[in-house]
Amino acid sequence: MQPDFSGYARIDFGAVLPQVRLPAKAPIGIGVDIRLGESEVSDLNKLVARDAVIASQPQGEIAAVRSQVISMAIDAALRGLGGALLALLIAILGWKAIGQARRRALWAAARHPDRRQKIGAVSVAVLTIGALALVATPERPRSEDAAWVPIGKAFPLLPADPVLDHVEIAEGASTSGSKAIVEGALSTYRKSVSFYGKLAEDARSVIVRTPLEGETTALVVTDRHDNIGMDPVARAIAEQAQSSMLIDLGDDTSSGQSWETFSLNSLAREFDGFEIVSVAGNHDTGPTISKQMKDKGFTVLDGKPVTVNGVRFLGSSDPRSSGLTAGYSGDESDNIAAIRSQDAELTRAACEDGNVNVIAVHSPASAKQAAQSGCADLVLSGHLHRQVGPTTIDGVNGRSTVTLSTGTTGGAVYAFALGSKLRRTAQVTIVTFSDGVPVGLQPVTFDSGGRIEVADYAPIEASPRDTQE
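Quick caveat: nothing in here was measured; it's all calculated off a predicted structure. The residue numbers shown here count from 1 along each chain, following its written sequence. Reporting of local features is limited, given that this is a predicted model, to residues whose pLDDT is at least 70; pairs of side-chain atoms are given and counted only at 80 or more, and all residues count toward the totals for whole chains, interfaces and linings. To get the side-chain values, all heavy atoms of the structure are used, and hydrogens and water are removed first.

Chemist: Looking at this structure, how should I read the side chain of Ser373?
Modeler: Helix numbering and strand numbering both begin at the N terminus, where a helix is a DSSP run of H or I of at least 4 residues and a strand a DSSP run of E of at least 2. In this fold, Ser373 is placed in helix 12 (residues 368-373). Here a polar contact means two N or O atoms within 3.5 Å. Within protein one must be a hydrogen donor candidate and the other an acceptor candidate, and residues neighboring in sequence count only if both atoms are side-chain atoms. Engagement of the side chain of Ser373 in a polar contact is seen with the backbone nitrogen of Cys375, the distance being 3.2 Å. We call two residues contacting when some pair of their heavy atoms lies within 4.5 Å. Those residues in contact with Ser373 that sit more than four places away from it in its chain are Thr347, Cys351, Gly395, Val396 and Asn397.

Here it is as structure tokens:
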């Protein structure tokens, strides 16, 4: 990515697909040249469909690009200021280093008319050499200027759209040669905008239980698997429930690759202003997703109790997400051992703390022993892509714990959820708290036809804490 003063955001998809641009609407004509790198997706049709769905919910990527451009501008300004200060320091040190006698001689020469001309010539030469050095600094090569036409001219059958009406496309061989691919992408884009736009609109009118005086609510999402189309829908349900906190139980991506950061860009942008508590799932493989969660300001649970919005949380990311275990392609015994170790550590931490309200994990297997211990009020998980619970478990310490696995928020089949509509039933869950203690659960489901079903509110009977003495 390279900022410029074109006034446009230009996106280069590579050799196969045509470039597109749209007005950046930034101060002083600032634009940006974005060149997309290689993707791990090998199927071109899947790649184009994925990009079309991302384009239908672009706000997260726009916010990320804007933030990066601002950061680059600040860095450039600081480098310029540092260079100026360094030059001034060198000049001062050089002036002092020549000695007092030489300084007097230079002052005398400067006052002589003929010598002033020589000194002036030397100064001009120095400045010229410096300017040439700056001009000679290598700049990232750019593609040749293209002839730009409105996308509606290249594709006359394209219906009016508030975003596409401002998009221009580069004329040339790639435009005509890949016309069928682009038309397919535009079709996916339109269907995605229509389906998820209507679903979000319908979600703004659903009736859910709202918190009573002294209560707060949080929204649970899990197994989004890159389906950013559901983010505005989830936000609408959160607003209906008057939530101020989001609990993200992981598998925000399908493979944890760097190109999938768009998924968390979208979630962070859509839930801006919310406290976000999160763990990484088994498909969020490697360090990229956990790091981005932290960079976005999420509270990423790491096996130690932490209080957020008055709620005492405990949890940790799925050990398979580290990439250090066998995953699905290796020895399953390694995965089982890692999950059991995670469960034992969380059980020990919860019972030692004695005040844990919620254990948040990706897989229910990661907190099976913890739930049976009775050392937490509620265990939240995902991973199964279907709702399991709520179930009340009588703990060995005399207290009860409620467990709930929420279905896939992205409507994912296996690890894939991207598309112009839901691939299977999607779900979020509203959790109600009173003084930090969970007191109720209310799942909300969305079927592949766009219908919304709100489950009955399920109260949680909290066990008195003094019974564990």
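Chemist: Help me out: how do you make sense of unusual backbone geometry in this one?
Modeler: Across residues other than glycine, the phi torsion is negative in most instances, and most of the peptide bonds are trans. Omega for the bond connecting Gly389 with Pro390 falls within 30 degrees of zero, at 10 degrees, which places this linkage in the cis form. Secondary-structure assignment places Pro390 in strand 15 (residues 388-394). If you check the backbone angles, Asp251 has positive phi at about 55 degrees while not being a glycine. Counting through the fold element by element, Asp251 comes out in the loop between strand 8 (245-248) and helix 9 (261-270). Accessible area is worked out with a 1.4 Å probe on protein chains only. A residue is then buried under 20% of its type maximum, exposed over 50%, and partly exposed in between. Assessed through its relative accessible area of 1%, Asp251 is described here as buried. The phi angle at Asp435 is positive, at roughly 55 degrees, despite the residue not being glycine. Structurally, the position occupied by Asp435 is in the loop between strand 17 (426-434) and strand 18 (437-446).

Chemist: Help me understand the confidence of the model for the protein, please; the structure alone is not making it clear to me.
Modeler: The predicted coordinates ought not to be read in detail in places where the model reports low pLDDT. Confidence of the predictor in every single residue is expressed as pLDDT, which spans 0 to 100. Looking at the protein, pLDDT values average 78 and 62% of them are 70 or higher. Low confidence marks residues 121-144, where pLDDT is under 50. Its contacts with residues over four positions away, or in another chain, come to 13 contacts. In this model residues 323-330 is a low-confidence stretch, pLDDT under 50, and it forms 14 contacts with partners more than four residues away in sequence or in other chains.

Chemist: Explain the packing of aromatic side chains to me, please; I cannot follow it from the model alone.
Modeler: The description of two aromatic rings rests on the distance between their centres and on the angle between their planes. Aromatic rings from Phe, Tyr and Trp, with only the six-membered ring used for Trp, were paired whenever their centres fell within 6.5 Å, and each pair was classed as stacked if the ring planes differed by under 30 degrees, edge-to-face if by over 60, and tilted otherwise. Going through the model one piece at a time under the given rule, you end up with two aromatic pairs. An angle of 90 degrees between the planes, with centres 5.0 Å apart, marks the rings of Phe195 and Tyr196 as edge-to-face. Per residue, the accessibility class of Phe195 equals that of Tyr196, and both read buried. Centre to centre, the rings of Phe271 and Phe274 are 5.1 Å apart; their planes meet at 90 degrees, and the pair counts as edge-to-face. Judged by its relative accessible area of 14%, Phe274 falls in the buried class.

Chemist: Help me out: how do you make sense of the state of the cysteines in this one?
Modeler: In a disulfide, the sulfur atoms of two cysteines are covalently bonded to one another. In this description, a disulfide is simply a cysteine sulfur pair whose atoms lie within 2.5 Å. Considering all chains together, one arrives at one disulfide under this definition. There is a disulfide in this structure between Cys351 and Cys375, and the S-S distance comes to 2.0 Å. Every disulfide takes its handedness from the sign of the S-S torsion; for Cys351 and Cys375 that torsion is 95 degrees, giving right-handed. One end of the pair, Cys351, is in helix 11 (residues 332-353); the other, Cys375, is in the loop between helix 12 and strand 14 (376-381), and 24 residues separate them in sequence.

Chemist: Quick question: what am I supposed to make of the pairing of strand 17 here?
Modeler: Looking along a regular strand, one sees the side chains alternate between the two faces of the sheet. Burial analysis of strand 17 places eight of its nine residues in the buried class, which makes it a mostly covered element. When DSSP finds at least two bridges between two strands, those strands are taken to pair. As paired strands, strand 17 and strand 18 are joined by nine bridges and run antiparallel to one another. Counterpart to Gln427 in the pairing with strand 18 is Thr445. The antiparallel pairing of strand 17 with strand 18 creates a hairpin that spans two residues between the two strands, and Asp435 there sits at a positive phi of about 55 degrees.

Chemist: How should I be thinking about the packing of helix 9 against helix 10 (residues 288-295) in this particular structure?
Modeler: Between two packed helices, the angle of one axis relative to the other and the distance separating the axes together describe the packing. All axes are obtained by fitting lines to C-alpha atoms, using only the stretch in contact for helices, and the reported angles, taken between N-to-C directions, cover 0 to 180 degrees. At a closest axis distance of 10 Å, the pairing of helix 9 and helix 10 adopts a crossing angle of 25 degrees. Classed by the angle they form, the pair helix 9 and helix 10 counts as roughly parallel. Where helix 9 crosses over helix 10, the two elements pack in a sense that is right-handed. Along the contact surface, helix 9 presents Thr261, Leu264 and Asn265, while helix 10 presents Thr288, Ile289, Gln292 and Met293. An angle counts as roughly parallel when it lies under 35 degrees, as roughly antiparallel when it exceeds 145, as roughly perpendicular when it falls between 65 and 115, and as oblique in every other case. A clockwise turn of the near helix away from the far one marks a right-handed crossing, whereas an anticlockwise turn of less than a right angle marks a left-handed crossing.

Chemist: Sorry, what's going on with the nonpolar core here?
Modeler: A general tendency of soluble globular proteins is for nonpolar side chains to be buried together. Judged by nonpolar contacts, the single largest core of 33 residues is most densely connected at Leu219, Ile237, Phe271 and Phe446. Only helix 7 (179-203), strand 7 (215-221), helix 8 (231-240), helix 9, helix 10, strand 17 and strand 18 provide two or more residues apiece to this core. Look past the residues within four positions of Phe446 in its chain and what remains in contact with it is Leu199, Met230, Val233, Ile237, Leu422, Arg424, Thr425, Ala426, Gln427, Val428, Arg451 and Ile452. Nonpolar cores were defined as sets of buried Ala, Val, Leu, Ile, Met, Phe, Trp, Tyr and Cys residues, with membership established by side-chain atoms within 4.5 Å. Of all hydrophobic cores here, the second largest spans 21 residues; its members include Leu249, Val279, Ala360 and Val402.

Chemist: Explain the sheet that holds strand 15 to me, please; I cannot follow it from the model alone.
Modeler: Either a parallel or an antiparallel arrangement is found when strands of a sheet pair, and the pairing is made through backbone hydrogen bonds. Spatially, six strands are ordered 11-12-13-14-16-15 in an open sheet, and the strand pairing comes out mixed. The sheet terminates laterally at strand 11 (306-308) and strand 15, the two strands that pair on one side only. Shown here is a sheet whose adjacent strand axes are inclined to one another by a mean of 25 degrees, direction ignored. By the bridge criterion, three bridges tie strand 12 (residues 311-315) to strand 13 (residues 356-360) in an arrangement that is parallel. Paired with Gly315 across the two strands is Ala360, which belongs to strand 13.

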